[in-house]
Amino acid sequence: MSSLSSKNSFSTYDIINTVAVITIDNPPVNAVSPGVPGALIANLKRAFKDDGVVAIVLRGANNTFIAGADIAKIGQPWPKDEPTFTDLCDCLDSSTKPVIAALSGFALGGGSEIALSCNYRVAVVGTRLGQPEVNLGFPPGAGATQRLPRLLGLEHALDIIVSGRHVKAEEALSIGYIDHLFNSSDTVLDDAVQFAIEKASAGKPHPRCRDYPAPAPSQELFAAARAEAEKKYRGRTSPVACVKCIELSASLPFDQGLVAEREIFEAERQSLESRALRHVFLSEREVSKVPGIAKGTPTRPVTHCVVIGGGLMGTGIAMCFADHGMAVTVIEVLPEAVDQANQRIAKRYSSDVAKNRLSDAQAAEAISRIVCTTDRSALVEADLVVEAIFEDLALKQELFSKLAMECRDDAILASNTSYLDIEALAASSGRPASFVGMHFFSPAHATKLLEVVRTSSVDDNVLATALGLAKKLRKVPVVSGVCEGFIANRMFSKYTNAAISALAHGATPTQIDTALKSFGFPMGPLEVLDMAGLEIGWARRKSQPGGTKAVSEASIADRLCELSRFGQKTNRGFYIYEPGSRVPVPDEDVLRVAKDVAHELHIEQRPFTDERKLAEWCVKALADEGHELLKDDIAIRESDIDVVWVNGFGFPRHKGGPMFWSAQASS
């Protein structure tokens, strides 16, 4: 079948039935890093010169085309004299022989841009295409904003490039992103070669995206796209830059549009926004590297899970497991609690179906994997048991002492506690080597963060199992050491304490929350406390040595609780809430409580007029506590702390997390 085969550093060259097949080979995902464009250009020119070659197929090794650029090297200068992305696209544009991009796996970012520079694009079912560069803080920089509008029209190009979403091959075919769809990855090479021969034998000029007519300008469409980008991506510049680049495709000749696109790309690539987004992207891939846990550490199989407790958190955790193919048993004490758990699960899945997140069939399949019961016999079969009951140390210790007798010897026991002493819970189980903290965040089935708490006695294979399970659940796991609140809630306490401190010093709740939302948080800290319930922190403070007798800035929250102002559940907290509403309404009584506490602490209140300084007051408290966590060996890396806050608390991703932001602010 192949009469010629050779390989250079990043690609192979084969001749199959008069078709040159050039395969990109840069494991694991064929990223276009330095050296790859040059290797491909060399093989393309070889095919151009070979009179026996009638067409060219460009494909990727390892069942993927090109997943994009090497993110770790984006901020680095491209090696001098090394061909670039743009050079490769120009080379493809210059071909007089039809070039077919045979797509499988992923064709993202630069991979999509290379495919757009080919004459034709074919794909196997399941392939995903797209231009996700905006998620790293810049528009595409090798022609996508000029080629895609010419190929698909402005509306499709705006949707794909500004959102950064992945486009499934089936949709790509329907909108003209690809020319043909194959059903089997096993035959995609043969199918692509046959497609190439057919196009070569047609003997007509072969289409180039650059030659399609420029889209007609639409000021109304671009104005709407800018307004939507500014609203949806509040505080970010790269989505608006994407709109600008696409707008240029309708007003400039192709080559001038390429130059303008590149200038905008370079400016955005060097921005703080882009550096922050790339920092988070790389940090999320670093978290699984845990000291002492070698790559390839054996893990325990987990197919059947038991969740103890059918409240909001317990049912959310159960849904996480069921959504990813595992059988789950939720154990409650009373039959009425079982009924309530079933109702919660049904309600959540109904909501997901109504919002088109799941089909009816997918929801029914997930529900079928969950059994809610008072029968504890499932414990004998469980690979993993997760406790999600009320935050009471003695109650949890009693539970784990019983579980140790009811579960298999090789079962993993886990606690979802957010504050309590994991070491004490592990000891109460009688099997501390098989005990780990797995702290989910509400809503558990939707929030990406999973805090994995490492005790002094846990086996490496148990910790590795928890990390692997988190990835299976499509969560981002961050390992924490043992302390009150671990990484997440220990820092959250400092964050909310800083907000209450600002209140004591004269800021209003509305000013504080508005400042943090302007910074980029989805909610302000006092709004979050009202939603969660002020009595939670009050109970913790009362349980500590000295209780709440000594006056402190936190006494503001305590005195609100003494007035039965627990937040949204009582329609009174830091704000007033009308019955059935979650809209916070300012309340002068809160300011009077704050003024009384300030007077007792000899704090001279003053008006706050600088929103930025209010936000910095709270975020600096976060970063300061992060440094303490590092000193105490609770967090492994600064970047782990950033990952916790971006994925667990809505810290604006485009600001990189509290540690990254603090370092940039002080530089």
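First, a word on what this report is: a plain description of the structure on this page. Here the structure is a predicted model, which means the values were calculated and not measured.

Before going further, it helps to examine the overall build of the chain. When helices and strands are tallied, the chain shows 26 helices and 18 strands. The C-alpha atoms of the chain give 29 Å as radius of gyration, which agrees with the globular expectation for 667 residues (26 Å, within 12%). With the C-alpha coordinates aligned to their principal axes, the bounding extent of the chain is approximately 90 × 60 × 45 Å. Here the chain holds 667 residues, and the buried ones make up 53% of them. Sequence separation of at least 24 residues holds for 72% of the intrachain contacts in the chain that already meet a minimum separation of 6. Carbon and sulfur atoms provide 53% of the accessible area of the chain, an area that totals close to 28600 Å².

Now for the pattern of salt bridges. Tallied over the entire structure, the rule returns 36 salt bridges. For Arg 147, the salt bridge goes to Asp 93, with nearest N and O atoms at 2.6 Å. Placement of Arg 147 in helix H4 (residues 144–152) and of Asp 93 in helix H2 (residues 85–93) is noted, with a sequence separation of 54 residues between them. This pair shows no difference in class: Arg 147 is buried, exactly as Asp 93 is. Residue Asp 610 pairs with Arg 612 through a salt bridge whose shortest N-O separation is 3.9 Å. Overall, the relative accessible area of 27% leaves Asp 610 in the partly exposed class. Residues joined by salt bridges that share partners form a network here, namely Asp 93, Arg 147, Arg 210 and Asp 255.

Time to look at the nonpolar core. Ile 487, Ile 512, Leu 516, Ile 556, Phe 574, Trp 645 and Phe 651 are the most contacted members of the largest nonpolar core, which has 61 residues in total. Sort the elements by how many residues they give to this core and helix H18 (residues 486–504) lands first, with 11 residues. Every residue in contact with Ile 512, bar those within four places of it in the chain, is listed here: Ala 499, Ala 502, Leu 503, Ala 507, Pro 525, Leu 526 and Leu 614. Residues Ala 20, Cys 89, Ile 178 and Val 243 belong to the second largest nonpolar core, which totals 58 residues.

Time to look at the sheet that holds strand E16 (residues 435–440). Taken together, eight strands build an open sheet; the order of strands is E13-E12-E11-E14-E15-E16-E17-E18 and the sheet is mixed. Unpaired on one side and paired on the other, strand E13 (370–373) and strand E18 (476–480) mark the two borders of the sheet. The sheet shows a mean angle of 25° between the axes of neighbouring strands, direction not considered. Relative to strand E14 (residues 384–387), strand E11 (residues 304–308) runs parallel, the two being bridged by four bridges. Bridge assignment links Ile 308 to a residue of E14, and that residue is Glu 387.

This part takes up the packing of H18 against helix H20 (residues 525–532). Interhelical geometry of H18 versus H20 gives an angle of 115° and a closest axis separation of 9 Å. Of the two elements, H18 crosses H20, and the hand of that crossing is left-handed. Between H18 and H20, the residues in contact are Phe 492, Tyr 495, Thr 496, Ala 499 and Ile 500 and Pro 525, Leu 526, Val 528 and Leu 529, respectively. Across the contact of H18 with H20, the residue classes break down as eight nonpolar, one polar and no charged.

So, on to the packing of aromatic side chains. By convention here, two paired aromatic rings are described through the distance between centres and the angle between planes. Using the criterion set out here, one finds 17 aromatic pairs in the structure. With a centroid separation of 5.8 Å and an interplanar angle of 80°, the aromatic rings of Phe 441 and Phe 649 are classed as edge-to-face. Here Phe 441 is found in the loop between E16 and strand E17 (449–453), whereas its partner Phe 649 is found in the loop between helix H25 (638–648) and helix H26 (658–666), with 208 residues between them in sequence. Among the residues examined, Phe 441 registers a relative accessible area of 7% and is labelled buried. One aromatic cluster is present, formed by Phe 441, Phe 492, Tyr 495, Phe 519, Phe 521, Trp 645, Phe 649, Phe 651 and Trp 661 through successive ring pairs. If you follow Arg 540 out to its NZ or CZ, it ends over the ring of Tyr 419, 4.0 Å from the centre. Geometry around Trp 538 places Lys 542 over its ring, the cationic atom sitting 3.6 Å from the centre.

Quick look at the packing of H4 against helix H9 (residues 238–249) now. The N-to-C vectors of H4 and H9 enclose an angle of 60°; their axes lie 8 Å apart at closest approach. When the axes of H4 and H9 are compared, the pair comes out oblique. For H4 against H9, the interelement crossing comes out right-handed. Along its contact with H4, which presents Thr 145, Gln 146, Pro 149 and Arg 150, the element H9 presents Cys 245, Ile 246, Leu 248 and Ser 249. A class-by-class count of the residues in the contact of H4 with H9 yields four nonpolar, three polar and one charged.

Okay, the side chain of Thr 447 next. Relative to the assigned elements, Thr 447 resides in the loop between E16 and E17. A relative accessible area of 12% places Thr 447 in the buried class. Those residues in contact with Thr 447 that sit more than four places away from it in its chain are Phe 441, Ser 442, Lys 475, Asn 647 and Gly 648.

Quick look at unusual backbone geometry now. Omega for the peptide link from Pro 27 to Pro 28 comes to 0°, which places this bond in the cis form. Its location among the elements puts Pro 28 in the loop between strand E3 (19–24) and helix H1 (36–49). Located in the positive-phi region is Phe 486, a residue other than glycine, with phi close to 55°. Tracing the sequence through the fold places Phe 486 in helix H18.

Take Arg 269: it is sitting in helix H10 (residues 254–269). Classification of Arg 269 by relative accessible area gives buried; the value is 15%. Taking the C-alpha atoms as reference points, Arg 269 and Gly 141, separated by 128 residues in sequence, lie 9.5 Å from one another. Leaving out residues up to four positions away in the same chain, Arg 269 has contacts with Ile 74, Gly 75, Gln 76, Phe 138, Ser 274 and Arg 278.

Cut-offs applied
- Residues numbered from 1 in each chain as written.
- Predicted model: local features only at pLDDT ≥ 70, side-chain atom pairs only at ≥ 80, totals over all residues.
- Heavy atoms only, no water.
- Helix = DSSP H or I, 4+ residues; strand = E, 2+ residues; numbered from the N terminus.
- Rg over C-alpha atoms; globule rule 2.2 N^0.38 Å.
- Buried < 20%, exposed > 50% of the residue type's maximum accessible area, 1.4 Å probe, protein only.
- Contact = heavy atoms within 4.5 Å.
- Areas by Shrake-Rupley, 256 points an atom, 1.4 Å probe, with all protein chains shown as cover.
- Salt bridge = Lys/Arg side-chain N within 4 Å of Asp/Glu carboxyl O.
- Core = buried A, V, L, I, M, F, W, Y, C linked by side-chain atoms within 4.5 Å.
- Pairing = 2+ DSSP bridges.
- Axes fitted to C-alpha atoms, helices over the stretch in contact; angles between N-to-C directions.
- Left-handed = near helix turned anticlockwise from the far one by under 90°.
- Nonpolar A, V, L, I, M, F, W, Y, C, P; charged D, E, K, R; others polar.
- Phe/Tyr/Trp six-rings, centres within 6.5 Å; stacked < 30°, edge-to-face > 60°.
- Lys NZ or Arg CZ within 6 Å of the ring centre and 35° of its normal.
- Parallel < 35°, antiparallel > 145°, perpendicular 65-115°, else oblique.

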